[in-house]
Amino acid sequence: MSSPQAVFDTLYAAYGPQHWWPATTDYEIIAGAVLTQNTAWRNVERALANLRARDLLAPAAVMAVSEAELADALRPAGYYNVKAGRLRNLTAALIEDGGVSGWRQWSTASLRRRLLGVRGVGAETADCILLYVLDRPVFVVDAYTRRILARLNLARGDESYDVLAHWFLQGLPAQPDVYNEYHALLVRLGSGACRPRPRCPVCPLADLCPTGRCHGGGVVVAERQ
Ligand code: SF4
């Protein structure tokens, strides 16, 4: 059975550093963490570009604009009315807590509880913010992570978020930079080789993967960018 470290080492050797999170400001990461739910990243990028073009990629601006106008800017990300409400809720909490510098004063456990208490914020969004904005040692689990672990026969795929996160945390050094890189590598794999219809012959994990061996894997041709 593969270990978290073995999966990481194999992916990193094949793909190299991913330089995440793809954003230039903390607030852009926060907005992206809300928008990325249930949609492809290219759609998030289009919504973020709309926010940028309308000077809405800042907390005060998001709170000042009407929710209808905010939702219109978020349209490419899907569920745009829901996501507009969630982004406003999270932004209100951010402002109330004194911004990112205020959040830096919180312990990881306290801030995670705080974020999960914001209406519409789930574990994946909270952990993206903790890891990619605040450099805290949490592991981000998303739909790609579930699919990949299930195909590797390391999980059923329907376990709770915290159970899947624990599988990674117990097998890795408690280093945010490792968790940062690992999640990015899983996104690369899940959006590349390990799609809903897997492309196992070009997957770096093929030799570790029982599903891959059934789908013509074992010939490892890394997909370098
Ligand atoms: S070998 Fe196939 S099923 Fe296994 S992780 Fe790679 S792409 Fe997914």
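Residues numbered from 1 in each chain as written. Predicted model: local features only at pLDDT ≥ 70, side-chain atom pairs only at ≥ 80, totals over all residues. Heavy atoms only, no water.

**Student:** When you look at the site of the ligand in this model, what are you seeing that I'm missing?
**Tutor:** As a structural note, the neighbourhood of the ligand is formed by Arg151, Ala193, Cys194, Pro198, Cys200, Cys203, Ala206, Cys209, Thr211 and Gly212. Among the detected pockets, the ligand sits in the largest cavity. Residues of the shell around the ligand, tallied by class, amount to 7 nonpolar, 2 polar and 1 charged. (Near = heavy atom within 4 Å. 1 Å grid on protein atoms, 1.4 Å probe; cavity = no way out; pocket = protein on both sides within 12 Å on 5 of 7 lines; lining within 4 Å. Sits in = over half its atoms within 2 Å of the grid points. Nonpolar A, V, L, I, M, F, W, Y, C, P; charged D, E, K, R; others polar.)

**Student:** Could you clarify how one ought to interpret the nonpolar core in this entry?
**Tutor:** In summary, soluble globular proteins display a tendency toward joint burial of nonpolar side chains. Within the largest apolar cluster, 72 residues are counted, with the highest numbers of intra-cluster contacts made by Ile30, Leu90, Trp103, Leu115, Ile129, Phe139 and Leu189. Counting only domains with at least three residues in this core, you end up with domain 1 (4-16 + 140-214) and domain 2 (26-133). Excluding residues within four positions of it along the chain, Leu115 makes contact with Leu90, Trp103, Val121, Ala126, Ile129 and Leu130. (Core = buried A, V, L, I, M, F, W, Y, C linked by side-chain atoms within 4.5 Å. Buried < 20%, exposed > 50% of the residue type's maximum accessible area, 1.4 Å probe, protein only. Domains from an automatic or database assignment. Contact = heavy atoms within 4.5 Å.)

**Student:** Is there a simple way to think about the pattern of salt bridges in this case?
**Tutor:** Per the stated rule, a full pass over the model turns up 10 salt bridges. Residue Asp97 is joined to Arg114 by a salt bridge in which the shortest nitrogen-to-oxygen separation is 2.8 Å. Residue Asp97 is found in the loop between α6 (80-96) and α7 (99-103), and its partner Arg114 is found in helix α8 (residues 108-116); the two are separated by 17 residues along the sequence. For Asp97, a relative accessible area of 15% gives the class buried. Note on Arg114: relative accessible area 22%, which makes it partly exposed. The partner of Arg112 in a salt bridge is Asp162, with the nearest N and O atoms 3.6 Å apart. Of this pair, Arg112 sits in helix α8 while Asp162 sits in helix α11 (residues 161-169), and the two are 50 residues apart along the sequence. With relative accessibility at 19%, the residue Arg112 sits in the buried group. (Salt bridge = Lys/Arg side-chain N within 4 Å of Asp/Glu carboxyl O. Helix = DSSP H or I, 4+ residues; strand = E, 2+ residues; numbered from the N terminus.)

**Student:** I tried to follow empty space enclosed by the protein on my own but got confused; where do I start?
**Tutor:** Any empty space left between atoms is shown by rolling a water-sized probe over those atoms. Under the counting rule described, the total for this entry stands at 1 cavity of 30 Å³ or more. Estimates place the volume of the largest cavity at around 100 Å³. As for the largest cavity, its lining consists of Ile148, Arg151, Leu152, Leu189, Ala193, Cys194, Pro198, Arg199, Cys200, Cys203, Leu205 and Cys209. Taken together, the residues of the lining of the largest cavity sort by class into 10 nonpolar, no polar and 2 charged. (Points joined across faces, edges and corners; volume = space filled by probe spheres on them.)

**Student:** Can you help me understand the layout of surface pockets in this one?
**Tutor:** As a volume, the largest pocket reaches approximately 780 Å³. Lining the largest pocket are 30 residues, with Trp20, Trp41, Tyr144, Val187 and Ser191 sitting closest to its centre. Elements represented by at least two residues in the lining of the largest pocket include exactly α3 (41-53), α9 (123-133), α10 (143-151) and α12 (176-191). Ranked by residues supplied to the lining of the largest pocket, first place goes to α12 with 5 residues. A per-class count over the lining of the largest pocket returns 12 nonpolar, 10 polar and 8 charged. A domain split of the lining of the largest pocket shows at least three residues from each of domain 1 (4-16 + 140-214) and domain 2 (26-133).

**Student:** Just checking my understanding: could you explain the domain arrangement of the protein chain for this structure?
**Tutor:** The accessible area lost on association of the parts is a frequent measure of interface size. Under the domain assignment used here, the protein chain contains domain 1 (4-16 + 140-214) and domain 2 (26-133). One C-alpha centre belongs to domain 1, the other to domain 2, and the line joining them spans 26 Å. Taken together, the 10 residues of domain 1 in the interface contact 7 residues of domain 2. When domain 1 packs against domain 2, the two sides together hide about 670 Å² of surface, and 64% of this comes from carbon and sulfur. (Buried area = accessible area lost by both parts, 1.4 Å probe.)

**Student:** I tried to follow the state of the cysteines on my own but got confused; where do I start?
**Tutor:** In a disulfide, the sulfur atoms of two cysteines are covalently bonded to one another. Under the definition given, this model contains 0 disulfides. Of all cysteine sulfurs, the one in Cys194 lies closest to Cys128, which takes part in no disulfide; the gap is 19 Å. (Disulfide = S-S within 2.5 Å.)

**Student:** Even after reading the chapter, I still don't get the side chain of Arg136, so can you show me in this structure?
**Tutor:** Along the chain, the position of Arg136 falls in the loop between α9 and α10. When residues no more than four places from it in sequence are discounted, the contact partners of Arg136 are Trp103, Arg104, Trp106, Ser107, Thr108, Leu130, Leu131 and Pro176.

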